[in-house]
Amino acid sequence: MSTITKSVDVHADVTSVYNQWTQFAEFPRFMEGVDEIRQLDDTHTHWTVSIAGVKREFDATITEQHPDERVAWRADSGPDHAGVVTVHRLDEDHTRVTVQMDIDPEGFVENVADKLGVLDRRVQGDLDRFKEFIENRGGAETGAWRGDVERPGQA
């Protein structure tokens, strides 16, 4: 299991940044290798990804979500991974987005990519493209989901 932690500072307010991060269908616009994400309900998504020429599909569950703070998830199928994205207000117009992911690469190609730091660079690249995506929109999000999902056992 590898842990990846990356962050980026975005010139947009914390609410707009958080709102954009809840728009999973938009992820293919800034995440390398993400072909499609379908939101099945408030806490379940279906992902189609292509990594190093290998196409995979998996389901994920949002395990915790609090507006303007965090979105946490775990994979239900496919490569074993889980993570959390947090947004931190730096000032009125700037937000730090931090991704922490635990991933257990599946197969030879994914293991080699992990060992060579490809996964680290991909996550940072995705964050850099997210920054560009929202900043090019003047900080305006494409939508929002403001629901609250309590961590299992916390409700």
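Everything that follows concerns the structure shown earlier in this document.
Position labels on residues start from 1 in each chain and follow its written sequence. Predicted model: local features are reported for residues with pLDDT of at least 70 only, side-chain atom pairs are reported and counted for 80 or more only, and whole-chain, interface and lining totals are derived from all residues. As a rule here, side-chain values come from all non-hydrogen atoms in the structure, and water together with hydrogens is ignored.

Asker: For this particular structure, what's the right way to read the packing of helix α1 (residues 14–21) against helix α3 (residues 118–136)?
Answerer: Interaxial distance between α1 and α3 falls to 11 Å at its minimum, and their mutual angle equals 115°. For the crossing formed where α1 meets α3, the hand is right-handed. Counting all contacts with α1, which are made through Ser16, Val17, Gln20 and Trp21, the residues of α3 involved are Leu127, Phe130, Phe133 and Ile134. Here the contact of α1 with α3 is composed, by residue class, of 6 nonpolar, 2 polar and no charged. Between N-to-C directions, angles cover 0 to 180 degrees, with each direction set by a line fitted to C-alpha atoms, over the stretch in contact for helices. To qualify as a helix, a DSSP run of H or I must reach at least 4 residues; to qualify as a strand, a run of E must reach at least 2; elements of each kind are numbered from the N terminus. The sense of a crossing depends on the near helix, which, turned anticlockwise from the far helix by less than a right angle, makes the crossing left-handed and, turned clockwise, makes it right-handed. Contact between two residues is taken to exist if any of their heavy atoms lie within 4.5 Å; hydrogens are not considered. Side-chain classes are defined by residue name, with Ala, Val, Leu, Ile, Met, Phe, Trp, Tyr, Cys and Pro counting as nonpolar, Asp, Glu, Lys and Arg as charged, and the others, Gly among them, as polar.

Asker: I tried to follow the pattern of salt bridges on my own but got confused; where do I start?
Answerer: For side chains of opposite charge, pairing can occur when their charged atoms come near one another. Salt bridges, as used here, are contacts in which a Lys or Arg side-chain nitrogen is within 4 Å of a carboxyl oxygen on Asp or Glu. Summed over the entire model, instances satisfying the criterion amount to 10 salt bridges. Between Glu26 and Arg29 there is a salt bridge; the shortest N-O distance is 2.9 Å. Given a relative accessible area of 53%, Arg29 falls into the exposed group. Residues participating in the shared-partner salt-bridge network are Glu32, Arg122, Asp126 and Arg129. Only protein chains enter the accessibility calculation, which uses a 1.4 Å probe. A residue is then buried if its area is under 20% of the maximum for its type, exposed if over 50%, and partly exposed in between.

Asker: Explanation requested: α3 in the structure shown.
Answerer: Count 3.6 residues to each turn of an α-helix, and residues three or four apart come out pointing the same way. Helix length check: α3 (19 residues) gives 26 Å between terminal C-alpha atoms against 27 Å at 1.5 Å per residue, within 8%. Those residues of α3 that fall on the buried side of the exposure criterion are Leu119, Arg122, Val123, Gly125, Asp126, Leu127, Phe130, Phe133 and Ile134. Following α3 by one or two positions, Gly138 adopts a phi angle in the positive range, close to 70°. To estimate the expected span of a helix, subtract one from its residue number and multiply by 1.5 Å.

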